[in-house]
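What follows is the residue order along each chain.
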Amino acid sequence: MASSILSETYTLANGVKIPKVGFGTWQIPQAEAQEAVYNALSLGYRHIDTALAYQNEQGVGAAISYSGIPREQLFVTTKLPAETKTYAGAKKDFETSLKNLGLDYVDLYLIHAPWPWAKRGNYDKENKEVWKAMEEIYQSGRAKAIGISNFGVPEMKNIFAGAKVKPMVNQIQYHVGYTENTITKFAKDNGLLVEAYSPLATGRLLQDPDLTAMAEQYNVSIAQLAIKFCLQNGVLPLPKATHRFHAESNTQLDFTISDKDMDKLNSLEEE
Ligand SMILES: NC(=O)c1ccc[n+]([C@@H]2O[C@H](COP(=O)([O-])OP(=O)(O)OC[C@H]3O[C@@H](n4cnc5c(N)ncnc54)[C@H](OP(=O)(O)O)[C@@H]3O)[C@@H](O)[C@H]2O)c1
């Protein structure tokens, strides 16, 4: 039976419901994506996070199609590559993603980052242009919600200025020891849902001695503790797991971290 957390949702500013735990797919190669995502769907995950840059959208789409799950029961996010910083480029890349996924709409479309990965800098003008394309995609109904990823406070303010549609989500790196409090607070205060990418610090948290002791107290794994931590902070975790038993245990979250332990976890800083 699917874990109950998988049927719980947050509600975005535009009223769209989004399952509280998503399945991350970064670094799952195309050839393995179909099996990994199919496993996740069969375990009850209904929220899948991919990106054009992950080069696995076709595998994700194949799993969705093979699963036979009605489209309206799924929540699919993909992302506009960080390198695409023009209106026309955004429109074109969106079409490519839909084609790769074999879908006629996505539930959430995000700008992957405010700057191309290899060339950080100020892209305020370009991000405004790209946001116009995102708004049009949203207004066409082919993305049920739109948002941003890796945006700091100044980059968020830039998008808000002059936006007809405010982003509904900011997907940022977020895990025990790395909670980006200023960005998280600003996003939440402005009505954005914060999604936690790398909620297990891409696996680095799993050997953490502080967390080992606390996880033992609750009789859970570090992964379960770290995912629950995100949820208790009102953030949406996107754990990635190619191993089915990892994907399954990551949804067994029927415990509550005490306020004292949440304070402790919130005060930890990554070394
Ligand atoms: N927007 C962005 O710029 C951005 C950047 C990074 C990530 N993301 C999104 O966030 C998702 C998650 O982040 P992430 O991929 O960095 O990794 P993560 O979820 O923090 O950690 C994944 C790693 O932890 C392992 N793992 C998962 N569950 C486990 C468990 N219960 N016990 C032991 N090990 C476990 C996985 O192993 P196995 O795979 O072997 O099972 C994998 O090695 C990504 O997949 C992607 O969708 C977005």
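Residues numbered from 1 in each chain as written. Predicted model: local features only at pLDDT ≥ 70, side-chain atom pairs only at ≥ 80, totals over all residues. Heavy atoms only, no water.

Novice: I keep staring at the site of the ligand and nothing clicks. Help me out?
Specialist: The environment of the ligand is made up of 29 residues, and the closest members are Asp49, Ser198, Thr242, His243 and His246. In this structure, an oxygen atom belonging to the ligand sits 2.7 Å away from a side-chain N or O atom of Ser198. Backbone polar atom of Lys240 to an oxygen atom of the ligand: 2.9 Å apart, as the coordinates give it. With the chains in place, 88% of the 910 Å² that the ligand exposes on its own is no longer accessible. Within the shell around the ligand, the residues separate by chemical class into 12 nonpolar, 14 polar and three charged. (Near = heavy atom within 4 Å. Polar contact = N/O pair within 3.5 Å; in protein donor to acceptor, adjacent residues only side chain to side chain. Areas by Shrake-Rupley, 256 points an atom, 1.4 Å probe, with all protein chains shown as cover. Nonpolar A, V, L, I, M, F, W, Y, C, P; charged D, E, K, R; others polar.)

Novice: Would you explain the sheet that holds strand 5 (residues 75-80) in this entry?
Specialist: The strands making up a sheet associate through hydrogen bonds between their backbones, and the pairing can be parallel or antiparallel. Spatially, eight strands are ordered 3-4-5-6-7-8-9-10 in an open sheet, and the strand pairing comes out parallel. Every interior strand has two partners, whereas the edge strands, strand 3 (23-24) and strand 10 (236-237), have only one. Examined bridge by bridge, strand 8 (residues 169-173) and strand 9 (residues 193-197) share five bridges and lie parallel to one another. Opposite Ile172, over in strand 9, you have Ala196 as the bridge partner. (Pairing = 2+ DSSP bridges. Helix = DSSP H or I, 4+ residues; strand = E, 2+ residues; numbered from the N terminus.)

Novice: When you look at the pairing of strand 5 in this model, what are you seeing that I'm missing?
Specialist: The side chains of a regular strand alternate between both faces of the sheet. Here strand 5 lies mainly inside the structure; six of its six residues are buried. Summarising the sheet, strand 4 (residues 47-49) and strand 5 pair through three bridges and their orientation is parallel. Across the sheet, Asp49 pairs through a bridge with Thr77, a residue of strand 5. Running through helix 2 (residues 57-67), the crossover from strand 4 to the neighbouring parallel element strand 5 is right-handed. Across four bridges, the pairing between strand 5 and strand 6 (residues 108-111) is parallel. Each bridged residue has a counterpart across the sheet, and for Lys79 the counterpart in strand 6 is Leu110. Handedness of the strand 5-helix 3 (residues 87-101)-strand 6 crossover: right-handed. (Buried < 20%, exposed > 50% of the residue type's maximum accessible area, 1.4 Å probe, protein only. Right-handed = clockwise from strand over helix to strand, strands pointing away.)

Novice: Can you help me understand unusual backbone geometry in this one?
Specialist: Trans is the prevailing form of peptide bonds, just as negative phi is the prevailing case for residues other than glycine. Although it is not a glycine, Ala201 sits at a positive phi angle of roughly 55 degrees. With respect to the element layout, Ala201 can be found in the loop between strand 9 and helix 7 (209-218). At Thr202, a residue that is not glycine, the phi angle is positive and equals roughly 50 degrees.

Novice: Help me out: how do you make sense of the pattern of salt bridges in this one?
Specialist: Opposite charge on two side chains makes pairing possible when the charged atoms of those side chains draw close. Tallying each qualifying case throughout the model produces seven salt bridges. Notably, a salt bridge pairs Lys20 with Glu8, separated by 3.7 Å at the nearest N-O pair. Here Lys20 is found in the loop between strand 2 (17-19) and strand 3, whereas its partner Glu8 is found in the segment before strand 1 (9-11), with 12 residues between them in sequence. With a closest N to O distance of 2.8 Å, Arg71 and Asp107 form a salt bridge. On the criterion of sequence distance, the pair formed by Arg71 in the loop between helix 2 and strand 5 and Asp107 in the loop between helix 3 and strand 6 is long-range, its members being 36 residues apart. For Asp107, a relative accessible area of 7% corresponds to the buried category. (Salt bridge = Lys/Arg side-chain N within 4 Å of Asp/Glu carboxyl O.)

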